[in-house]
Amino acid sequence: MGQTLWSGESELGAAGVAWDWVCMPYGMVSMVDPMALVTNLQFLNRAGEVLAPMESAIQLNGIVHTLPWQEQVQRALALRH
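Residues numbered from 1 in each chain as written. Predicted model: local features only at pLDDT ≥ 70, side-chain atom pairs only at ≥ 80, totals over all residues. Heavy atoms only, no water.

Asks: Please explain unusual backbone geometry as it appears in this structure.
Replies: Residues apart from glycine generally show negative phi values, whereas peptide bonds are mostly found in trans. Positive phi is not limited to glycine here, since Tyr26 has a value of about 65°. If you trace the backbone, Tyr26 turns up in the loop between strand E2 (13-23) and strand E3 (29-31). (Helix = DSSP H or I, 4+ residues; strand = E, 2+ residues; numbered from the N terminus.)

Asks: Looking at this model, I keep getting lost on the nonpolar core. Mind explaining?
Replies: Most often, soluble globular proteins keep nonpolar side chains buried together rather than apart. Core analysis: the biggest nonpolar cluster contains 13 residues, and Trp19, Leu37 and Trp69 have the highest contact counts within it. Mapped onto this core, the elements with two or more residues apiece are E2, E3, helix H1 (53-66) and helix H2 (69-80). Setting aside residues up to four positions removed in sequence, Leu37 forms contacts with Val17, Ala18, Trp19, Met31, Ala57, Leu60, Asn61 and Val64. (Core = buried A, V, L, I, M, F, W, Y, C linked by side-chain atoms within 4.5 Å. Buried < 20%, exposed > 50% of the residue type's maximum accessible area, 1.4 Å probe, protein only. Contact = heavy atoms within 4.5 Å.)

Asks: Can you walk me through H2 in this structure?
Replies: Spacing of three or four residues puts side chains on the same side of an α-helix, whose turn is 3.6 residues. Helix length check: H2 (12 residues) gives 17 Å between terminal C-alpha atoms against 16 Å at 1.5 Å per residue, within 8%. The set of residues buried in H2 consists of Trp69, Val73 and Leu77. Viewed along the axis of H2, the buried residues span an arc of 70°, placing them on a single side of the element. Projecting away from the buried face of H2 at angles above 90 degrees are the exposed residues Ala78 and Leu79. (Expected span 1.5 Å × (residues − 1). Arc of directions from axis to C-beta.)

Asks: Got a minute to help me understand the environment of Met35 in this structure?
Replies: Checked against the element boundaries, Met35 lands in the loop between E3 and strand E4 (38-39). Between the alpha carbons of Met35 and Val73 there is a distance of 20 Å; along the sequence they are 38 residues apart. With residues near it in sequence (within four places) discarded, Met35 still touches Met54, Ala57 and Asn61.

Asks: Looking at this model, I keep getting lost on the pairing of strand E1 (residues 2-10). Mind explaining?
Replies: As a general feature of sheets, a regular strand has side chains that alternate between the two faces. The pairing of E1 with E2 spans 9 bridges and is classified as antiparallel. Considered in E2, the bridge of Ser10 is made with Gly13. Counting the residues between successive antiparallel strands, the hairpin from E1 to E2 contains 2 residues. (Pairing = 2+ DSSP bridges.)

Asks: Would you mind going over the environment of Ser30 with me for this structure?
Replies: Of note, Ser30 is situated in strand E3. Each C-alpha atom of the pair Ser30 and Asp20 lies 8.6 Å from the other, and the pair is 10 residues apart in sequence.

Given below as structure tokens:
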């Protein structure tokens, strides 16, 4: 089990998202709880209103799905052995 943090800089400052992961059979890694992401990002709807936590979690999961985080975790784990 471990934690992954992805971060970046923008003109508005640093942004990041983190989540816990667990090792699965055959060397696969998976998020422990897709609804338990931690971030300093704030999502807005088209009217400029802050999204509810559930809606924000959906947006964050969409972002995480595009990141190559599983390959990076697998690579780091391979270096340890």
